[in-house]
Amino acid sequence: MALITYVLLCALCYGTAGQFNPEVLPDVTTKCFVTQLIEVMIMKGCIYSMQTSMDFLDLFSYTGYKYLGLSVNMLVGLAIGYLSSSESSNGHKAYYITFLWTASAISYFVLKTMANNIPRVTAKTGPKREFMVLGFAASQFATCWFVSQTKFLN
C-alpha cells in the first residue's frame, strides 16, 4: 500500500508541474518494484552465503518500508513547494531534509531487524554477519535515493 501511495504522490508531483502523462504510473511502479526485487535477491544471496536462511517475503516486507518514508518525503516536498511563494526550490530543500531523516530511520530499522533475525553464529568461511547487516542498512539509504522522484518538485 505504501508503494501505491508513493506512486500516486509521484503522479501528483508530475501533475502539479504540468508534466503528467499516464505512463508515469507504470514507469514509477516498475522502477520501484524492480529495484526492490533486485535488492531482495542480493540480500537473499548474501544471507545464503552466510549459510543461514530468511524467508523471501520477510525480506520483501522489511525492504518495503522505504515507501512509507518516500511518501512522507514527497508529501512534505509538495506541501512546502505549494506553500512557499518564492521562485526558489523550497520543495526540493524540504524533500531532502526529510529524506535524510526518513532514510536514516529506515536504515536503522533494517539494521536492528536484520541484527535480530540473522543468527549470531554463521558460517566461518562466509562473510562476517556484522558487515552484511551494515551493508543491508546502507542499501536502504541507497535505494531510497535511487527511486526518489524529485525533478518536478517546486
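Let me begin by describing the structure that accompanies this report. Throughout this document, residue positions are counted from 1 along each chain, in the order its sequence is written. The predicted nature of this model means local features are confined to residues of pLDDT at least 70 and side-chain atom pairs, given and counted, to a pLDDT of 80 or more, with totals for whole chains, interfaces and linings taken over all residues. Hydrogens and waters are ignored; side-chain quantities use all the structure's heavy atoms.

**Things to note about the overall build of the chain**
Short version of the rule: Helix and strand assignments come from DSSP, with helices taken as H or I runs of at least 4 residues and strands as E runs of at least 2, each series counted from the N terminus. Relative accessibility under 20% of the residue-type maximum defines a buried residue, over 50% an exposed one, and the middle range a partly exposed one, all with a 1.4 Å probe and only protein chains included. The contact criterion used throughout is that any non-hydrogen atoms of two residues lie within 4.5 Å. Working definition of accessibility: Shrake-Rupley area with a 1.4 Å probe, residue cover restricted to the visible protein chains. When charges are counted, neither His nor the chain ends are considered; positive counts come from Lys and Arg and negative counts from Asp and Glu. Taken as the charge centre is NZ of Lys, CZ of Arg, CG of Asp or CD of Glu, depending on the residue.
Scanning the chain from N- to C-terminus turns up six helices and zero strands. Mapped in sequence order, the helices and strands of the chain form the string α-α-α-α-α-α. For the chain, the C-alpha atoms occupy an extent of roughly 60 × 30 × 20 Å along the three principal directions. A total of 154 residues make up the chain; the buried ones form 44% of that total. Counted over contacts in the chain with a minimum sequence separation of 6, partners at least 24 positions apart contribute 72%. Counting every atom, the chain has about 8700 Å² of accessible surface; 67% of that belongs to carbon and sulfur. Of the side chains in the chain, 10 bear a positive and 7 a negative charge, and the two mean positions are spaced by 12 Å.

**Some words on the environment of Gln-149**
Heads up, the rule is: As used in this structure description, the phrase polar contact means that two N or O atoms lie within 3.5 Å; if the pair is within protein, one of them must be able to donate a hydrogen and the other to accept it, and residues adjacent in sequence are counted only when both atoms belong to side chains.
On the secondary structure map, Gln-149 appears in the segment after helix 6 (129-147). For the pair formed by Gln-149 and Asp-55, sequence separation is 94 residues and the distance between their alpha carbons is 30 Å. In this view, Gln-149 contacts Tyr-6, Cys-10, Tyr-14, Val-28, Lys-31, Met-74 and Tyr-95; residues no more than four positions away in its chain are not counted. In this structure the side chain of Gln-149 is engaged in a polar contact, spanning 3.0 Å, whose partner is the side chain of Tyr-14.

**Considering the pattern of salt bridges**
Formally: What makes a salt bridge here is a side-chain nitrogen of Lys or Arg within 4 Å of a carboxyl oxygen of Asp or Glu, nothing more.
Enumeration according to the criterion identifies two salt bridges in this entry. Residues Lys-66 and Glu-39 are paired through a salt bridge, measuring 2.9 Å at the closest nitrogen-oxygen approach. Linking Lys-66 in helix 4 (residues 66-83) with Glu-39 in helix 2 (residues 24-49), this pair joins segments that are 27 residues apart in sequence. In this structure, Lys-66 and Glu-39 share a single accessibility class: buried. Close ionic contact of Glu-130 with Arg-129 constitutes a salt bridge, the shortest N to O distance being 4.0 Å. The exposure class of Glu-130 is partly exposed, given its relative accessible area of 46%.

**Here we look at helix 2**
Condition: Expected span of a helix, by definition, is 1.5 Å for each gap between consecutive residues, and there is one gap fewer than residues.
If you check helix 2, its first and last C-alpha atoms are 37 Å apart, about what 26 residues at 1.5 Å a residue would give, namely 38 Å. Taken together, the buried positions of helix 2 are Val-24, Val-28, Cys-32, Thr-35, Gln-36, Glu-39, Val-40, Met-43, Cys-46 and Ile-47. Contacts made by the buried residues of helix 2 are with helix 1 (2-16), helix 3 (56-63), helix 4, helix 5 (90-117) and helix 6. Backbone geometry just after helix 2 places Gln-51 at a positive phi near 60 degrees.

**Considerations on a nonpolar patch on the surface**
Our working rule: Here a patch means residues that are over 30% exposed by relative accessible area and free of salt bridges, tied together within 9 Å if like-charged and within 5 Å if nonpolar (Val, Leu, Ile, Met, Phe, Trp, Tyr).
Together, Ile-4, Leu-8, Phe-20 and Leu-25 make up a nonpolar patch on the protein surface, roughly 370 Å² of accessible area in all. Residue placement: Leu-25 occurs in helix 2. Classification of Leu-25 by relative accessible area gives partly exposed; the value is 31%.

**A short note on the nonpolar core**
What counts, and what does not: Among buried residues, those of type Ala, Val, Leu, Ile, Met, Phe, Trp, Tyr and Cys that are joined through side-chain atoms within 4.5 Å constitute a nonpolar core.
Within the largest apolar cluster, 21 residues are counted, with the highest numbers of intra-cluster contacts made by Tyr-6, Val-28, Cys-32, Leu-70 and Met-74. Counting only elements with at least two residues in this core, the list comes to helix 1, helix 2, helix 4, helix 5 and helix 6. Considering every element that reaches this core, the biggest residue donor is helix 1, with seven residues. Counting residues in each nonpolar core, the second largest holds 15 residues, with Met-43, Tyr-62, Val-133 and Phe-136 among its members.

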